[in-house]
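# Secondary and tertiary structure notes
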Amino acid sequence: MTAHPGALPASLSARTRAVLVAHDVSKEYPGAGRVVDGVSLQVFAGELLAIVGPSGSGKSTLLHCLSGLERPTSGSVQIGGTRLEELGRSALARLRRERVGFVFQSYNLISSLTAWDNVALPARLARRRVRDEDVDRALAHVGLSSRARARPAALSGGQQQRVAVARALAVDRDLVFADEPTGALDSAAGAQVLSLLRSAAGANRAVVMVTHDLQAAATADRVLVLRDGAIHRELLAPTPTAVLQAVTAGGGGR
Ligand code: ADP
Ligand code: MG
């Protein structure tokens, strides 16, 4: 068992607040059993938190539960002090639109829209004013200015992933979730996306990134190692070696 995944890391405690608090979150699927098993954690404003673990350890399911995309079977998730389990469908959808950005493992771009319109879409859905410059800048940051008018089918997997990142970062949000954001990228594009996520984790914003790339995880402020749906270890100020050891080590303490 890990130390205290819900506790404040010393490096963050004095100056930050929790933007997300999860308590004893579990998710069961018929046939698959308990995919997420009693996870408690906090996410602090300004931090980049990485969640690592083997394939099938429940990372995506946990991210979906934390972001309000899926309802946990039991347990509680609060975002900015609002308890998601108390919200009805439409209130939950509104909270997601207004406060949460999500980079999906499968990109989830709208195939009939250009890259530019895909990036502008969440702000429009949230009825926020999005300036053309903000969309242009988000695409420039991921190196896709020249592909702004292309539809997803005309883009490579890596380019689609970068559009998905630009879409999540084009407007200000309290929380950005990213599921394997570097999974389809070569190392140069991956480094670019990581540094974007790093700088997106700003004063009032937190980024939660699922990854199986240990180098990527080591760029985070904190790493949670997931095993069989439960938090197995927590690492502060991680190095690639420490992450590797934590992922491959057998059960037991720190
Ligand atoms: P990871 O992202 O760590 O690879 P996932 O969260 O995608 O893991 O999946 C964890 C486990 O839950 C897997 O065994 C997967 O088959 C199962 N699972 C995920 N989503 C569903 C679902 N909608 N219905 C049934 N089983 C699911
Ligand atoms: Mg996954």
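Everything below is about the structure shown above.
Residues numbered from 1 in each chain as written. Chains lettered and ligands numbered in written order. Predicted model: local features only at pLDDT ≥ 70, side-chain atom pairs only at ≥ 80, totals over all residues. Heavy atoms only, no water.

### Notes on the sheet that holds strand β7 (residues 175–179)
The six strands are arranged β6-β7-β8-β3-β9-β10 in an open sheet whose pairing can be described as mixed. Whereas interior strands pair on both sides, the edge strands pair on one side only; in this sheet they are β6 (100–103) and β10 (230–236). Sheet twist, expressed as the average angle between the axes of neighbouring strands with direction ignored, equals 15 degrees. For β7 and strand β8 (residues 206–210), the ladder comprises five bridges, and the chain directions are parallel. Paired with D179 across the bridge in β8 is V210. (Pairing = 2+ DSSP bridges. Helix = DSSP H or I, 4+ residues; strand = E, 2+ residues; numbered from the N terminus. Axes fitted to C-alpha atoms, helices over the stretch in contact; angles between N-to-C directions.)

### As for the nonpolar core
Residues V119, L139 and V223 are the most contacted members of the largest nonpolar core, which totals 48 residues. Ignoring any residue separated from it by four or fewer positions in sequence, one finds V119 in contact with V135, A138, L139, V163, A166, R167 and A170. Counting residues in each nonpolar core, the second largest holds 33 residues, with V36, L63, L66 and L84 among its members. (Core = buried A, V, L, I, M, F, W, Y, C linked by side-chain atoms within 4.5 Å. Buried < 20%, exposed > 50% of the residue type's maximum accessible area, 1.4 Å probe, protein only. Contact = heavy atoms within 4.5 Å.)

### Observations concerning the sheet that holds strand β5 (residues 82–83)
One key point about sheets: their strands pair by backbone hydrogen bonds, in either a parallel or an antiparallel sense. The strand order across the open sheet built from four strands is β2-β1-β4-β5, with neighbouring strands paired in antiparallel fashion. In this open sheet, the two strands that pair with only one neighbour each are β2 (33–44) and β5. Here strand β4 (residues 74–79) runs beside β5; their pairing, made up of two bridges, is antiparallel. Bridging from a neighbouring strand, Q78 pairs with R83 of β5. Taken strand by strand, helix α2 (residues 59–66) contacts β1 (18–29), β2 and β4, and its axis lies near 125 degrees from that of β1.

### Digging into the coordination of the magnesium ion (ligand 2)
Surrounding the magnesium ion (ligand 2) are the protein donor atoms S60 (OG) and Q105 (OE1), which sit 2.1 to 2.6 Å from the metal. One end of the pair, S60, is in helix α2; the other, Q105, is in the loop between β6 and α4 (115–125), and 45 residues separate them in sequence. (Donors = N, O, S within 2.8 Å, 3.2 Å for Na, K, Ca; no water.)

### Side note on the packing of aromatic side chains
All chains considered together, the criterion is met by two aromatic pairs. Judged by centre distance (4.5 Å) and plane angle (35 degrees), the ring pair of F102 and F104 falls under tilted. F104 shares its class with F102; the two are buried. An angle of 25 degrees between the planes, with centres 5.9 Å apart, marks the rings of F102 and F177 as stacked. Here the residue F102 occupies a position in strand β6, and F177 occupies one in strand β7, the gap between them amounting to 75 residues. In textbook terms, an aromatic cluster arises when at least three aromatic residues are bridged by ring pairs, as seen for F102, F104 and F177. (Phe/Tyr/Trp six-rings, centres within 6.5 Å; stacked < 30°, edge-to-face > 60°.)

### Focus: the pattern of salt bridges
Applying the stated rule across the entire model yields 13 salt bridges. Ionic pairing is found between R83 and E85, a salt bridge with its closest N-O pair at 3.3 Å. Residue classification places E85 among the partly exposed positions, given a relative accessible area of 37%. The salt bridge involving D221 is made with R198; its shortest N-O contact spans 3.0 Å. Of the two residues, D221 is situated in the loop between α8 (214–217) and β9 (222–227) and R198 in helix α7 (residues 187–200); the sequence distance between them amounts to 23 residues. (Salt bridge = Lys/Arg side-chain N within 4 Å of Asp/Glu carboxyl O.)

### Here we look at the site of ligand 1
Every residue near ligand 1 is listed here: Y29, A32, V35, P54, S55, G56, S57, G58, K59, S60 and T61. Within the backbone of G56, a nitrogen or oxygen atom sits 2.7 Å from an oxygen atom of ligand 1. In the environment of ligand 1, an oxygen atom lies 3.2 Å from a nitrogen or oxygen atom belonging to the backbone of S57. Here ligand 1 has 560 Å² of accessible area as a free molecule, and 57% of this is covered by the chains. Top element by residues in the shell around ligand 1 is α2. It accounts for three residues. The residue inventory of the shell around ligand 1, partitioned by class, reads four nonpolar, six polar and one charged. (Near = heavy atom within 4 Å. Polar contact = N/O pair within 3.5 Å; in protein donor to acceptor, adjacent residues only side chain to side chain. Areas by Shrake-Rupley, 256 points an atom, 1.4 Å probe, with all protein chains shown as cover. Nonpolar A, V, L, I, M, F, W, Y, C, P; charged D, E, K, R; others polar.)

Geometry only, nothing functional implied.
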